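Tertiary structure, described
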Amino acid sequence: GVKWRPPGEQKHPKEASSSSLQCMHLAVVACGDRLEETLIMLKSAVLFSNRRLCFHIFAEDSLKPEFEKKLKEWPSSYTKKFESNIYPITFSVGNAQEWKKLFKPCAAQRLFLPVILKDVDSLLYVDTDVLFLRPIDDIWHLLREFNSTQLAAMAPEHEIPKIGWYSRFARHPYYGTTGVNSGVMLMNLTRIRSTQFKNSLIPGGLTWEEMLYPLYQKYKNYITWGDQDLLNIIFYFNPECLYVFPCQWNYRPDHCMYGSNCRGAEDEGVSILHGNRGVYHDDKQPTFKALYEVIRDFPFEDNLFQSLYYPLQSKFLDTVHTLCGRIPQVFLKQIEKTMKKVYENRVIVYLGANHRY
């Protein structure tokens, strides 16, 4: 995480003061029994990222001391790569109890991030059950690819309409042909705060905050997946506001449990793994569980190949009886590339910058 500078060279004053701009903002909402899962997600982020990270953790009051304690226990070579802020769960409009019960406990919190994090320009929101298999820097770069109207990015909910959930069952408007999945969502908060959104409530536009509660009131009897459905409704009416990124950035069991249907992951490997349906904690999808356990059990300071990659390969041998387990290269390709880079960077740093090899 430390830039190498020749001795005597001063930090650029601008660089020093704009630390929050320098930092990649990552937000997560953790309630109930999600402490461990959230920590493993943050660990995967820190293991592979290059630039400094700013964590925004929204947690129930009972979890706050636990988060603080656990993050402090990480070795200093990692704790200097991030700063963390922990916030209580709050909803700025409508009825807090109602928002809290929407879909999973506290999930609706993410809808209020643009309102709460007023000083943050852009951020990556992820569910607790997400794992990074490559540097966050790589998805962060997609912010630069937004055109002038785009203010958020998500992956499709499904690649194949005839087995997709929205295309078969949704009773409300949704984005595109299969809807979008909100478990990994890149947001330009500055743009979200300043946009008037088209909607089905009033002819003119509404701001993000004005729109949330009335939209929820209108559709609450038709939505199944809570905040994700609301986001689908919003982007149905404002499709020009959404940048759609490919499935390898939000790779879920649905992408392999009926046969492989994410081309991007076949070509490049999985970039971000999303173990929804609780697959890290049961035996239904052992490939997902294997990745989770290997990252969980990795001792921070160890060699990535010896203590992460090789154990992962051997765990994968036990999953070949499943459809997801038959395509191990999809899960391994990107993480192997990432580790090689991390390893090379460390070796070069250790050898000193003058004689690189």
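The notes below deal with the structure included here. (Residues numbered from 1 in each chain as written. Predicted model: local features only at pLDDT ≥ 70, side-chain atom pairs only at ≥ 80, totals over all residues. Heavy atoms only, no water.)

**A few points about the pattern of salt bridges**
Here is the rule we go by: Basic side-chain nitrogens of Lys or Arg form a salt bridge, by our definition, when they fall within 4 Å of a carboxyl oxygen of Asp or Glu. Secondary structure is summarised from DSSP: a helix means a run of H or I of at least four residues, a strand means a run of E of at least two, and numbering begins at the N terminus for each. Throughout, exposure labels follow a simple rule: accessible area from a 1.4 Å probe, protein chains only, divided by the maximum for the residue type, with under 20% read as buried, over 50% as exposed, and the rest as partly exposed.
Within the structure shown, the criterion is met by 19 salt bridges. One salt bridge in this structure joins Asp127 and Arg110, with 3.7 Å as the shortest N-O distance. Here Asp127 is found in the loop between β4 (122-126) and β5 (130-132), whereas its partner Arg110 is found in the loop between α6 (96-101) and α7 (113-116), with 17 residues between them in sequence. Among the ionic pairs, Asp227 bridges to Arg110, the shortest N-O distance being 2.5 Å. Linking Asp227 in helix α12 (residues 227-237) with Arg110 in the loop between α6 and α7, this pair joins segments that are 117 residues apart in sequence. Comparing Asp227 with Arg110 shows no difference in burial state: the two are buried. Salt bridges linked by common partners bring Asp33, Arg34 and Glu37 together as one network.

**Structural notes on the packing of aromatic side chains**
Operational definition: Working definition: a ring pair exists when centres of Phe, Tyr or Trp rings (six-membered ring for Trp) sit within 6.5 Å. Plane angles under 30 degrees give stacked, over 60 give edge-to-face, the rest tilted.
One pass over the full model with this rule turns up 26 aromatic pairs. Ring centres of Tyr236 and Phe237 lie 4.9 Å apart, and the angle between their planes is 85 degrees; this geometry places the pair in the edge-to-face category. Between Tyr280 and Tyr292, the ring centres sit 4.6 Å apart and the planes meet at 10 degrees, which makes this aromatic pair stacked. Placement of the pair is Tyr280 in the loop between β9 (272-274) and α14 (286-297) and Tyr292 in helix α14, with a sequence separation of 12 residues. A residue is classified by how much of its surface remains accessible, and Tyr280, at 2% relative accessible area, is buried. Note on Tyr292: relative accessible area 1%, which makes it buried.

**Regarding the state of the cysteines**
This is how it is decided: We call a pair of cysteine sulfur atoms a disulfide whenever their separation is within 2.5 Å.
By the definition in use, this model includes four disulfides. A sulfur-sulfur separation of 1.8 Å characterises the disulfide bridge that pairs Cys23 with Cys54. Of this pair, Cys23 sits in the loop between α2 (19-22) and β1 (24-30) while Cys54 sits in strand β2 (residues 53-59); the two residues are 31 residues apart in sequence, bridging distant segments of the chain. Given the relative accessible area of 1%, Cys23 is considered buried. According to the relative accessible area criterion, Cys54 is buried, its value standing at 3%. There is a disulfide in this structure between Cys256 and Cys324, and the S-S distance comes to 2.0 Å. Across the disulfide from Cys256 to Cys324, rotation about the S-S bond amounts to roughly 90 degrees, and the bridge is consequently right-handed. With Cys256 in the loop between β8 (242-244) and α13 (263-268) and Cys324 in the loop between α15 (304-316) and α16 (328-351), this residue pair connects regions lying 68 residues apart in the sequence. Both residues of the pair, Cys256 and Cys324, belong to the buried class. Across the protein chain, the disulfide pattern expressed with sequentially numbered bonded cysteines is 1-3, 2-4, 5-7, 6-8.

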